[in-house]
Amino acid sequence: MSEFSRREMLSAAAAGGMVAAAASTDGLAEGQPAFGPTPPVLAGAQLPAFRFQLGAVAPKTWNGGWAKEATVAEFPVSEKLAGVLMSLVPGGLRELHWHANAAEWAYVIKGQCRVTTINPQGQSQIADFAAGDVWYFPRGFGHSIQGIGSEDCLFVLVFDNGYFSEFGTFSITDWVGHTPPEVLAKNFGVPAATFANFPKREVYIAKGPVPPPLPADPAPGTLNAGTLTHRYRLLAQRPETYPGGTNRLVSQREFPISTTITGALMRIKPGGMRELHWHPNADEWQYYIGGRARMSVFGSNGRVRTEEFNAGDVGYVPQGYGHYIENAGSADLELLIVLNNGTYESISLANWMGANPHLLLGTNFEVPDSTFKDFLTSDRFMPG
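The sections below set out a description of the structure shown in this document. Not measured: the values here are computed from a predicted model.

## Here's the deal with the side chain of D160
And then number 1: In this structure, D160 sits in the loop between β11 (153–159) and β12 (170–171).
And then number 2: Polar contacts involving the side chain of D160 include one to the main-chain amide nitrogen of A103, which spans 2.8 Å.
And then number 3: Within polar-contact distance, the side chain of D160 engages the side chain of T260 at 2.8 Å.
And then number 4: Those residues in contact with D160, other than ones at most four positions away along the chain, are K80, L81, A102, A103, R139, T260 and I261.

Have a look at this one:
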């Protein structure tokens, strides 16, 4: 069975599972999310791997760049989010395309690129992105990405569907190449011979000249952009500072178009950690940019799994699973976190314990209530 056939079967299974889950929620209180049985990968006596070595994967290459992916086919626990690491040379173009089954969120690690988009109202935007910038395209929005500047552009793409495959998108060359020339002629009002030399297959990544700079002041009457921008400058954001490091958060609150995804850029100092916590409303996908980390995940019924991560690795935490992340090295840990919900929610173990009387905690843990008098129970987001 081919890899693409396997992915089609996975997608069909996912669709069937969503139908079954929807049917099972009849009668739930309004506002409750759909749910279904525990995914098989999480139902065993032992927790599965929460680490995938994306950096070690051999990329698929073109003249204009390369890409490598981590979907549920490669990383079975990652059912709700998929990721792609992509690089474009100057002039390299990720061709015009759209995604039918997933929104796209991205973070630029280095270099520069230019992005074009169009929405269902026919409004378009052309914007340049640099290291530290984020973009978001809702499901179905047409877009392209092209490397600009003098160096390769490297970025991480994250999709709010683990069954999504970057190598199975809807590309403009694939569609036009499989449409009869006489139909194209009627559609565009040009002779059918115009399309004689067009590609007959998907180009995916093309290589062309580096486009000229965008005008500083567009000519009057030339803009047709929507009310919401697709660009957010995350690295330019003033970070929240803690004893153990810093955090920059971008949710729908900061970036209104990003309705299904929240992102965070964390820098954890040596000896620091992201405290014990869980997310009630989202799964968590991680990309380790630099440094070494140790993550422990708690999955109920005495199941705990601890793994170590290096630059280029991907991590994953299912919704509601308790976890913490430690800097396991001697240099700063730089970590990109993506959650599949535009609203950010987190509950920390320290705050939870701090919200309960010492007498109750003593009873719960079967120790004297005085045990808890010196516990630090607030503002522990990233202790040092």
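## A closer look at the packing of aromatic side chains
And then number 1: For the structure on display, the rule yields 17 aromatic pairs.
And then number 2: Judged by centre distance (5.7 Å) and plane angle (25°), the ring pair of F52 and F75 falls under stacked. With F52 in strand β1 (residues 51–52) and F75 in the loop between β3 (65–70) and β4 (82–88), the pair connects residues that are 23 residues apart, well separated along the chain.
And then number 3: Using a relative accessible area of 2% as the deciding quantity, one classes F75 as buried.
And then number 4: By the ring-pair criterion, three or more aromatic residues cluster together here, those being F129, W135, F137 and F155.
And then number 5: A cation sits over an aromatic face here: R94 above Y204, 3.8 Å from the ring centre.
And then number 6: The aromatic ring of F381 is capped on one face by R274, whose charged end is 3.7 Å from the ring centroid.

## A look at the pattern of salt bridges
And then number 1: Within this structure, the stated rule accounts for 10 salt bridges.
And then number 2: The closest approach of N and O atoms between E275 and R274, which form a salt bridge, is 3.9 Å.
And then number 3: The shortest N-O distance in the salt bridge between R305 and E307 comes to 3.1 Å.
And then number 4: Residue classification places R305 among the partly exposed residues on the basis of a relative accessible area of 29%.
And then number 5: Residue E307 is classed as buried on the basis of its relative accessible area of 13%.
And then number 6: One network of salt bridges, with partners in common, ties together R292, R294, E308 and E326.

## Quick look at the sheet that holds strand β9 (residues 133–137)
And then number 1: An order of β2-β3-β4-β11-β6-β9-β14 is seen for the seven strands of this open sheet, with the pairing classed as antiparallel. Each having just a single partner strand, β2 (60–62) and β14 (231–233) make up the two edges of the open sheet. The average undirected angle you get between the axes of adjacent strands in this sheet is 20°.
And then number 2: In the sheet, β2 pairs with β3 via three bridges, with the strands oriented antiparallel. Bridged to T61 within β3 is W66.

## Topic: the nonpolar core
And then number 1: If you look at the biggest cluster of nonpolar residues, it comprises 50 residues, and the most contacted ones within it are W105, W285, Y287, Y288, M295, I325 and L336.
And then number 2: Considering every element that reaches this core, the biggest residue donor is strand β24 (residues 333–339), with six residues.
And then number 3: Excluding residues within four positions of it along the chain, L336 makes contact with W105, Y107, V156, A264, L265, W285, Q286, Y287 and I289.
And then number 4: Core analysis: the next-biggest nonpolar cluster, separate from the first, contains 22 residues, V108, V115, A127 and F164 among them.

## A closer look at empty space enclosed by the protein
And then number 1: Throughout the structure, instances matching the rule amount to three cavities of 30 Å³ or more.
And then number 2: In this structure, the largest cavity occupies an estimated 70 Å³ of space.
And then number 3: Every element with two or more residues in the lining of the largest cavity is listed here: β16 (245–250), β17 (262–268), β18 (273–278) and β24.

## A closer look at the sheet that holds strand β15 (residues 240–242)
And then number 1: Sheet architecture is open: seven strands sit in the order β1-β22-β19-β24-β17-β16-β15, paired in antiparallel fashion. Of all strands in the sheet, those bounded by a partner on one side alone are β1 and β15.
And then number 2: Here β1 pairs with strand β22 (residues 314–317) via two bridges, running antiparallel. Following the sheet pairing, R51 is matched in β22 by G315.

## A closer look at the environment of D369
And then number 1: Checked against the element boundaries, D369 lands in the segment after α5 (358–365).
And then number 2: Along the primary structure D369 and C113 are separated by 256 residues, whereas in three dimensions their C-alpha atoms are 58 Å apart.
And then number 3: When near neighbours in sequence (up to four residues on either side) are disregarded, D369 contacts H358, L359 and G362.

Thresholds, definitions, all that
Residues numbered from 1 in each chain as written. Predicted model: local features only at pLDDT ≥ 70, side-chain atom pairs only at ≥ 80, totals over all residues. Heavy atoms only, no water. Helix = DSSP H or I, 4+ residues; strand = E, 2+ residues; numbered from the N terminus. Polar contact = N/O pair within 3.5 Å; in protein donor to acceptor, adjacent residues only side chain to side chain. Contact = heavy atoms within 4.5 Å. Phe/Tyr/Trp six-rings, centres within 6.5 Å; stacked < 30°, edge-to-face > 60°. Buried < 20%, exposed > 50% of the residue type's maximum accessible area, 1.4 Å probe, protein only. Lys NZ or Arg CZ within 6 Å of the ring centre and 35° of its normal. Salt bridge = Lys/Arg side-chain N within 4 Å of Asp/Glu carboxyl O. Pairing = 2+ DSSP bridges. Axes fitted to C-alpha atoms, helices over the stretch in contact; angles between N-to-C directions. Core = buried A, V, L, I, M, F, W, Y, C linked by side-chain atoms within 4.5 Å. 1 Å grid on protein atoms, 1.4 Å probe; cavity = no way out; pocket = protein on both sides within 12 Å on 5 of 7 lines; lining within 4 Å. Points joined across faces, edges and corners; volume = space filled by probe spheres on them.

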